[in-house]
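# Examination of the molecular architecture
Below are the chains, spelled out letter by letter.
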Amino acid sequence: MRFKIYRYNPDTDTEPYMQEVELKETHPGMMLRDALLALKEQDPSLSFRHSCGEGVCGSDGMNINGKNGLSCITPLAELKEPIEIRPLPGRPVIRDLVVDMGDFFDQYRAVKPYQIRKDPQKDVEILQSPIDRDKLDGLYECILCGCCSTACPSFWWNPKRFLGPAALLQSWRFLTDTRDQAEQERLDDLDGPYKLFRCHTIMNCLDVCPKGLSPTSAIGKIKELMLKKAI
Amino acid sequence: MTKIAKRVFDTLILGAGGAGLRAALQLSQADAQVAVVSKVFPTRSHTVAAQGGVNAALANVSEDNWHWHMYDTIKGSDYLGDQDAIEYMCRAASKLVYELEHYGVPFSRLDNGKIYQRPFGGQSQNFGASQATRTCAAADRTGHAILHTLYQQNIRAKSHFFDEYFAIDLLRDDEGTFLGALVIDIATGEPLVIEAKTTFIATGGCGQLFRTTTNAHINTGDGMAMALRAGVPLQDMEFFQFHPTGIAGKGMLITEGARGEGGYLLNKDGERFMERYAPNVKDLASRDVVSRAIATEVREGRGCGPKGDHVMLQIAHLGADVVKKRLPGIRDLCQTFLHIDPIDTAIPVFPTAHYVMGGIPTDRHGQVVATFHDGPEEVVSGLYAAGECACVSVHGANRLGGNSLLDILVFGRAAGNQIIKHLKEHRYHKPLQEDAIDKAMQRLERWDKKGEGESVATLKAELKQVMENHCSVFRTAVVMQEGVDEIKKIRERLKDARLQDHSRVFNTSRIEALELENLVDISMATMLGALAREESRGAHSRIDFPTRDDKTWMKHSLYHLDGDRLDFKPVRTKPLTVETFPPKERVY
Ligand SMILES: Cc1cc2nc3c(=O)[nH]c(=O)nc-3n(C[C@H](O)[C@H](O)[C@H](O)COP(=O)(O)OP(=O)(O)OC[C@H]3O[C@@H](n4cnc5c(N)ncnc54)[C@H](O)[C@@H]3O)c2cc1C
Ligand code: SF4
Ligand code: SF4
Ligand code: FES
């Protein structure tokens, strides 16, 4: 199986380059991560992040044949050769497939991604009906892999001002949680031309999310709620 | 030598899984300056992978109380658990789960709006009389929900994170007080000394010891090995849990919740064989019991598939709605890795390395305790541990499903509180001598040696195979003695291993080399502990010693790195307030 892999080590390379490599042995059911690990045995200097191997930790987002995804749940058999692997786009490259996700996490932290309660704390659970709990499905499962935000042109151009799809998805996760009591504060924080409104519904984010989540519809719902509150 | 950068905090936390983050939150809320070091971004910690749920006797579904939970945990531990710590944990459970809910964990809900609970293995009402429904769940993504929520609350509390920093070794002064750690920034490869009045180890498990495992690449037992190198023994390492239902040959976990929701196991004859091994609770017997049953079915020729090397887990009869609502994550795993939909097709499963019951010995306040100079057990000054890397011991010889997430919450928090006390009593940092740092640096610099040598990847693969072949579900002296010899050889060969990549920036080869050194030490602790324990108890099943021997072996083992030495200490059988549960025959 033939690969073209983006390589760059600031210690030794003046410029990034695409390295052509071949993997002799593959097996049925092999995932891209397995292949990268086998390639790393051939050349231990190849660097990439990975951990859980089952699509839950969010470490191994990368650009695979032009599309962002997680290597550990991407079957090798579904990929066209030569398989072209690049780091997530638009982020500064630290080395090979490892990018600096600093801005991405800053934006996540900026939406106050935590439950805010104003009522005095009870000694038992805050009740929530199954229907209200269902509203969190499709939101809380985000693994912060960054595939969506690094596929978003608005985030490429404004990574410090536009929150990006992943952070906005989390914003809606708390706005829609019946237990959270900071709706107005959250909406006020999103105001202005950049944080939310730089989303032009280009839908790249929805297309790449490996967990099948839809930041686009979350963003739509925030906009709707803002409008409702404005009148 | 170039001067190494230094940072100074009140307290240092190594690990940002559930245990580390729960402690960090406690400390940040008390206005302590906390440094949290993690080799991966916090939400990538392996707590994220926990599926089924966390135990607490909320009694939302059926009558329940902490005392029944306590009994189940002690029985599950095969009477090796310390009863004071177990009482403490079970009493605290409900409060801590409610607290999590207030923090925002998106628990699944019952129709009345309360937290959803499901049955799990080894849990009963009324001291073994009937099945309890005690495991609080957020679908089958409970660990993800808890880990993300704890990280979020730490953002709110302004804990200070060192993301993608790797801890090399603990730092200690001549009097034996722990004063921080040497770490490296993975992105730059630069070393950094973090000085602190207390150091808390929460580095998680070591499932990478085995070839087939439910554990992530990062679960290499680093904190346990750091403790060993600092002269602290490891307790009860022979007790390693094999989860009955890992995906056969691949290792991804299928939660016990699948059986909790009503799933069952089948052999090649389509027989529900658990009825023979645990007539009362069948598929919801304790994990050690179910794993042994599966391994026995396969050994006796009743396994499924062309090689007869697994059994099947059936959940199709639960119906599409239940599977989609309660087990969406495992459905996803089956579709991705097996190309089957468990709504229609049974899942091939086999016991898979999952959880280490042993670890760094602590008391129920998270303080590390050790016997240093053949004297009585003493508190190690400035050193704390909790979570999977620690051994309180609440799991004894076999952990109940849903009790580990509880363990990390309860003892993460308890350690946080104890550290707050320590900080009040110790206003100033003790001075840290340079030679302590030099020693830790040597461990790092050893890998700068250039030249030909064996590769880390080869040695790691061999080690994992040795552990799988020599220290698995069923054990015998002969096979384990061979295992010890194999590990000794690997330990020797490791000294001559070399890296090919000596660059500084994000050098994952170097990290893997340091991790392998840790795994080798822990494999020795595990194998020697297992060889020494001549009885069968909990997860440790000896073919040559098939019964439990309370007269000789109701004691904890302690492995010291220095001289590969083992000693023992008694089980604490006296609870805090209630009566002791004396050992009984364990039937399910
Ligand atoms: C697949 C799976 C499912 C599970 N399901 C359940 C369940 O349903 N219920 C239950 O109760 N239990 C479950 N468990 C067990 C439970 O999830 C774990 O035991 C528990 O989460 C461990 O938490 P921890 O905080 O101790 O460690 P972890 O979450 O593993 O965190 C360890 C931390 O230490 C850091 N670290 C490690 N080494 C270093 C180093 N050298 N330098 C810097 N940082 C380091 C890591 O980066 C990480 O942040 C499951 C386990 C697995 C594997
Ligand atoms: S829909 Fe919005 S957030 Fe998503 S990629 Fe397009 S611009 Fe970015
Ligand atoms: S929304 Fe999806 S793609 Fe974006 S960070 Fe979350 S899991 Fe990744
Ligand atoms: S390795 Fe964890 S998501 Fe791929």
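Starting from 1, residues in each chain are numbered consecutively following that chain's sequence as written. Labels follow written order: the first chain is A, the first ligand is 1, and so on. Totals for whole chains, interfaces and linings use all residues, but because this is a predicted model, local features are given only for residues with pLDDT of at least 70 and pairs of side-chain atoms are given and counted only at 80 or more. As a rule here, side-chain values come from all non-hydrogen atoms in the structure, and water together with hydrogens is ignored.

The secondary structure content of chain A amounts to 8 helices and 7 strands. Each principal axis of the C-alpha atoms in chain A carries an extent, and together these give about 60 × 35 × 30 Å. Exposed residues in this analysis have more than 50% of their type's maximum accessible area, buried residues have under 20%, and partly exposed residues fall in between, with area computed by a 1.4 Å probe over protein chains only. The buried share of chain A, taken over its 231 residues, is 56%. By definition in these notes, contact holds between two residues if any of their heavy atoms fall within 4.5 Å. Restricting to contacts in chain A with at least 6 residues of sequence separation, those with at least 24 account for 64%. The accessible surface values rely on the Shrake-Rupley method and a 1.4 Å probe; as for residues, cover is taken only from the protein chains in view. Accessible surface, chain A: about 10,100 Å² in total, of which carbon and sulfur atoms supply 51%. A residue counts as positive if it is Lys or Arg and as negative if it is Asp or Glu; His and the chain ends are not included. In plain terms, the charge of a residue is placed at NZ if it is Lys, CZ if Arg, CG if Asp and CD if Glu. Seen as two clouds, the 31 positive and the 34 negative side-chain charges of chain A have centres 4 Å apart. Secondary structure elements follow DSSP: runs of H or I no shorter than four residues count as helices, runs of E no shorter than two count as strands, and numbering proceeds from the N terminus.

Another aspect to go through is the domain arrangement of chain B. Residues and elements named next belong to chain B. For chain B, the assigned domains are domain 1 (5-239 + 357-436), domain 2 (244-352) and domain 3 (450-566). The domain boundaries here were taken from an automatic or database domain assignment. The C-alpha centroid of domain 3 is placed 23 Å from the C-alpha centroid of domain 1. With 40 residues of domain 1 at the interface, the matching set in domain 3 holds 41 residues. Once two parts are put together, the accessible area they lose, assessed with a 1.4 Å probe and summed over both, is termed the buried area. Buried area between domain 1 and domain 3, both sides added, is near 3,700 Å², and the carbon and sulfur share of it is 58%.

Looking now at the site of ligand 1. Residue and element names in this part refer to chain B. Note on definitions. A residue lies near a molecule or strand when any single heavy atom of the residue is within 4 Å of it. Looking at ligand 1, there are 37 residues lining it, with Ser45, Thr47, Glu388, Ser404 and Leu405 nearest. Under this definition, polar contacts are N or O atom pairs within 3.5 Å; protein pairs additionally need one hydrogen-donor-capable and one acceptor-capable atom, and for neighbouring residues in sequence, both atoms have to be side-chain atoms. The separation between an oxygen atom of ligand 1 and a polar main-chain atom of Ala19 is 2.9 Å. Within the backbone of Ala167, a nitrogen or oxygen atom sits 2.8 Å from a nitrogen atom of ligand 1. Isolated, ligand 1 exposes 1,000 Å² of accessible area, and the fraction of that covered by the protein chains is 98%. Broken down by element, the residue count for the shell around ligand 1 peaks at 4 residues, all from helix α11 (residues 403-425).

Let's shift gears to the site of ligand 2. All names here are of chain A. The environment of ligand 2 is made up of 13 residues, and the closest members are Cys152, Cys199, Ile202, Met203 and Cys205. Counting residues per element, the ones that place at least two in the shell around ligand 2 are α7 (204-208) and α8 (215-230). For the shell around ligand 2, the class distribution of residues is 8 nonpolar, 5 polar and no charged. Think of it as three bins: nonpolar holds Ala, Val, Leu, Ile, Met, Phe, Trp, Tyr, Cys and Pro, charged holds Asp, Glu, Lys and Arg, and polar takes everything else, Gly as well.

On the side of chain B, 57 residues touch chain A, which itself brings 60 residues to the contact. Per-residue buried area on chain A facing chain B is highest for Glu54, Glu125 and Tyr140 of chain A; these three make up 14% of the total on that side. A carboxyl oxygen of Asp or Glu within 4 Å of a side-chain nitrogen of Lys or Arg is what we treat as a salt bridge. Taken together, the links from chain A to chain B amount to 5 salt bridges. For Glu101 of chain B, the salt bridge goes to Arg179 of chain A, with nearest N and O atoms at 3.0 Å. For the side of chain A that touches chain B, the secondary-structure elements that each account for two or more residues are α1 (32-42), β6 (93-95), α2 (102-110), α3 (130-134) and α5 (165-175) of chain A. Classifying every residue of the side of chain A that touches chain B gives 28 nonpolar, 14 polar and 18 charged.

Of note, the bond from Glu81 of chain A into Pro82 of chain A is cis; its omega dihedral lies within 30 degrees of zero at -15 degrees. The residue after Val392 of chain B, namely Ser393 of chain B, is reached through a cis peptide bond having omega 0 degrees. Among the secondary structure elements, Ser393 of chain B is positioned in the loop between β20 (390-391) and α11. The backbone of Ala139 of chain B shows a phi angle near 45 degrees, a positive value even though the residue is not glycine. Mapped onto the fold, Ala139 of chain B is located in the loop between β7 (135-136) and α4 (142-157). Judged by its relative accessible area of 5%, Ala139 of chain B is buried. Despite not being glycine, Asp236 of chain B has its phi angle at roughly 55 degrees, a positive value. For Asp236 of chain B, the location among the structural elements is in the loop between β12 (234-235) and β13 (240-247).

A few words now on the sheet that holds β12 of chain B. Residue and element names in this part refer to chain B. Here the rule is simple: two strands pair whenever DSSP picks up at least two bridges between them. Across the sheet, which stays open at both edges, the 3 strands sit in the order β12-β23-β24 with antiparallel pairing between neighbours. Two strands close off the open sheet at either side, each with one partner strand: β12 and β24 (565-570). Bridge analysis of β12 against strand β23 (residues 555-560) gives 2 bridges, and the strand direction is antiparallel. The partner of Gln235 across the bridge, within β23, is Leu558. Sheet contacts for helix α15 (residues 508-532): β12, β23 and β24; angle to β23, the most-contacted strand, approximately 140 degrees. Inter-axis angles, ranging from 0 to 180 degrees, are taken between N-to-C directions of lines fitted to C-alpha atoms, where helices are fitted over the stretch in contact.

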